[in-house]
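Topology and contacts: notes
Read off the chains here:
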Amino acid sequence: MGQPIVAVESLAKSFGPVQVLFDIDFALEQGEVHALVGENGAGKSTLMKILSGYEQPTSGLICLDGNPITLPDSGTAERLGIVLIHQEFALAEHLTVEENIFLGREIRRGWLLDKKAMRDQSRAILRELDCTVDPDSRVQDLSVSDKQMVEIAKAVSREARVLIMDEPTAVLTGTETQVLFRLIRRLKAQGVTIVYISHKLDEVAEISDRLSVLRDGVLVETRPTAQTSQEDMATLMVGRPLSDLFLPKSPPVSDADRVLEVERVSVPGWVHDASFDLRRGEILGFAGLIGAGRTELMEAVLGLRRRTGGTIRRNGAALRIRDMADAVTAGIVYLTEDRKGKGLLLDKHLRPNLTLLALDRYGRVLVDEAAEEQALRVAANAFDIRAKRLDATAGTLSGGNQQKLLLAKTMQVEPEIIIIDEPTRGIDIGTKRQIYHFIHDLIGRGKSCIVISSELQEIVGLAHRVVVMRQGRVTGILSGEDVTEQEIVRYATGLKQQEASSDAAVLGA
Amino acid sequence: MQQSLARDAGREARLRRFDLKLWGPFLALAALMVLGLLVNPTFLSPGNLLNVVTRTAFIGIIAVGATFVITAGGLDLSVGSMAAFISGVMIIAMNALVQQLGPGWSTVSAGMALALVLGLVAGAVNGIAITRGRIEAFIVTLGTMGIYRSLVTYIADGGTITLASPVRATYRPVYYDSVLGIPYPILLFAIVAVIGAVVMNRTRFGRYVSAIGSNEAVARYSAIHVDRVKTLTYVIQGMCVALAVIIYVPRLGSASATTGLLWELEAIAAVIIGGTALRGGFGRIWGTVAGAIMLAMIGNILNLTGAISAYLNGAIQGVIIIVAVLLQRGGTPRR
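Since this is a predicted model, take the numbers as computed values, not measurements. (Residues numbered from 1 in each chain as written. Chains lettered and ligands numbered in written order. Predicted model: local features only at pLDDT ≥ 70, side-chain atom pairs only at ≥ 80, totals over all residues.)

**Let's talk about the domain arrangement of chain A**
Once the domains are mapped, chain A shows domain 1 (6–238), domain 2 (244–331 + 416–422 + 448–509) and domain 3 (337–414). Here domain 1 of chain A and domain 3 of chain A have C-alpha centroids that lie 33 Å from each other. (Domains from an automatic or database assignment.)

Take a look at the structure:
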């Protein structure tokens, strides 16, 4: 390997009195895929923000092509060929794909924009990326994975030499991930260096050449991926062997009472005639590709979305749910997959967030703030919510702690049925384990749980039975030996299908 | 470690914003009073101050209601027209009731009750059109603003509706008299503000209002009856308008097409100067009170100086609104 394209030496970074990066030595070779792994809060994002000029280091050296430089502020590092693709996309939703790709560096002819040239170039770039998105479509109308493609197209069009991807697959399905990987390999062949930040160790193993592990602000090790097992990576990340991510499943509960029965629920445009049931003490998994209608089905069941037809029974009795309040009264809660958009009030403190769902338990008219404060201390302890201060705003918590706060919030109403949508999206492995253990604990106490997840490993590791959805229909309900990743994929992709619409198949599982 | 980065940046920004948002309006009010004193010592005389606050009372009471609407992420442009319409109907009704009930307190009480009912209904109409009809608050209240303004012009036949003088004699003290040296309008303003502050800061309803303004989807997913709470904020606004009318009518004893003109903007200005975020989520009743008093004081100080024309009152108010928002943002806008 030649001279590193970007290198940092003895780099440190503090925010006020808090040091977040310690003495980092880190180098990127040209044309490598370099994975950066570490738990939430280990310092990955800060390091990448420094590399892309969004933050300045407190001390230490950054070298570009061997020459020490000071990276210019906020994003102008893009001109030097270092492009950061944010976890949350930085696209202008109302503009078209083409306008986004050329945002800030529009091609002009005289005083006017050369729309044609930009459209042609956009189309060429997208074609090169194997992406079918129309340059004229508005970004707000695109799926999440297509938005990501547009972000990458934008980076490519800026002739990136170093492309930093922060959790690129957090919102992608398996197929979409493979498309992304093909793209990464092609960029690599063209000599582009890619920094790949991810919690998904199997992806790191598959795509990266070398990997660096950050733990508590220290770069623990950089080594070739080929010589590192996923087990090793996990151990390096947490600093201890990680054995018990999933607990052994409790025995199946095929003879327990049905606490929830959903029959023939449809949501126009999303879900067609879906039926399932849930038993006491059961973890029911919901698998399927993104867009299969799992979230929409649950939202319809809970009155958060208009549904046409269908009946819902709770403990055998018909139940009318018009909105979340009815659901909560019936002992059913829902943890949204969109915790920033629908789960927590990011600009409010932890306390009002914790009690928002259960506020009627803190006084009929006046809110008992002392009781709330007490509840927050109890919850922070029970759910291991780590915030610097308990009077911080929810938006300042890390993803894992936000998820634990959301969990604590929904448990405030002492529900019987807990529906969790993507319980561990964007969460580090340590917190994941805590959440899995928590779900087991719930089941142990006689509660029932529905887990919607796009991570097959998670579904297989947790669920007693698995409902697989595809294009708005329930294509299979798997139990016992059939709960395997391979079998789920067959149903999710349409290779196999059960007679799901007949009640016998649905309720007989 | 972006979390701790965000955490630190967030905390710093919050400390700055927090202090300014919380104390800014009161500091500004104090500064304004010092300025007034420097300009003319009579400014701080109890007579002048009571006078200023009495004249603030209508806008102040309406602004307390507007604080709820704005905190829930809404907007009500109709309050000025609504005040004019309720005033007109109230006066006509009282004039008609004199025949049956005589010019005494029974007529006036009936008029007050009618005003409150009208305010409640008008607020409910706004709220239901916005929530059930799923129409932007700006559009709905722009519409009702035109409707009420036009209706009051129609019932006044383009002129002025005047309260019959015997009733007016009975009603007059409600604006001009005082108890223990405090004029009734100030007393009502204070009561409305105290109740408003308790409801906003201490009750479930207040918590729900700010949750909805902060993020409506989160509120819905948290089992809050979003439509009901939002509608209620408009009902509160309507009731506040009715209360303002109840102390406004005895002042002039008449209503016309120009009654309550631009009150909506003054009320919104008072709310914003007081530190309530226009995008919703954070409501500060006491800030609103300070904001309303400041707006009235500016005019008063201009009158007392004579150095600057009182016609520039609006311009100075405008500058203050813009400066207040700039200060509240606390330094550089976030990336």
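**Examining the sheet that holds strand 18 (residues 332–335) of chain A**
All names here are of chain A. In space, the 6 strands of this open sheet follow the order 18-19-20-15-21-22, with mixed pairing throughout. Single-partner strands in this sheet number two, and they are strand 18 and strand 22 (473–479). For this sheet the average axis-to-axis angle between neighbouring strands, irrespective of direction, equals 15°. Relative to strand 19 (residues 417–421), strand 18 runs parallel, the two sharing 4 bridges. Considered in strand 19, the bridge of Ile332 is made with Ile417. Its contacts with the sheet put helix 14 (residues 429–444) on strand 15 (283–288), strand 19 and strand 20 (448–452), and the angle it makes with strand 20 is roughly 150°. (Pairing = 2+ DSSP bridges. Helix = DSSP H or I, 4+ residues; strand = E, 2+ residues; numbered from the N terminus. Axes fitted to C-alpha atoms, helices over the stretch in contact; angles between N-to-C directions. Contact = placed C-beta atoms within 7 Å.)

**Examining the packing of helix 3 (residues 79–101) of chain B against helix 12 (residues 263–273) of chain B**
Residues and elements named next belong to chain B. With their axes 6 Å apart at the nearest point, helix 3 and helix 12 run at an angle of 130° to one another. One way to sum up the angle between helix 3 and helix 12 is to call them oblique. When helix 3 is examined against helix 12, the residues Val79, Gly80 and Ala83 are found in contact with a partner set consisting of Trp263, Glu264 and Ala267. For the contact of helix 3 with helix 12, the class distribution of residues is 4 nonpolar, 1 polar and 1 charged. (Parallel < 35°, antiparallel > 145°, perpendicular 65-115°, else oblique. Nonpolar A, V, L, I, M, F, W, Y, C, P; charged D, E, K, R; others polar.)

**Section: the sheet that holds strand 17 (residues 317–318) of chain A**
Residue and element names in this part refer to chain A. Judged by pairing direction, the sheet is antiparallel, and its 4 strands sit side by side in the order 14-13-16-17 without closing on themselves. Looking along the sheet, the strands with just one partner apiece sit at the ends: strand 14 (271–279) and strand 17. Where strand 13 (residues 258–267) and strand 14 come together, 6 bridges link them in antiparallel fashion. In the strand pairing of strand 14, Arg258 is matched with Arg279.

**Focus: the packing of helix 2 (residues 46–71) of chain B against helix 13 (residues 285–305) of chain B**
All names here are of chain B. Taken N-terminus to C-terminus, the directions of helix 2 and helix 13 make an angle of 145°; their axes are 9 Å apart at the nearest point. Between helix 2 and helix 13 the crossing geometry is right-handed. Of the residues in helix 13, those touching helix 2 at Val52, Val53, Arg55, Thr56, Ile59, Gly60, Ala63, Val64 and Thr67 are Ile285, Thr288, Val289, Gly291, Ala292, Ile293, Ala296, Met297 and Asn300. (Left-handed = near helix turned anticlockwise from the far one by under 90°.)

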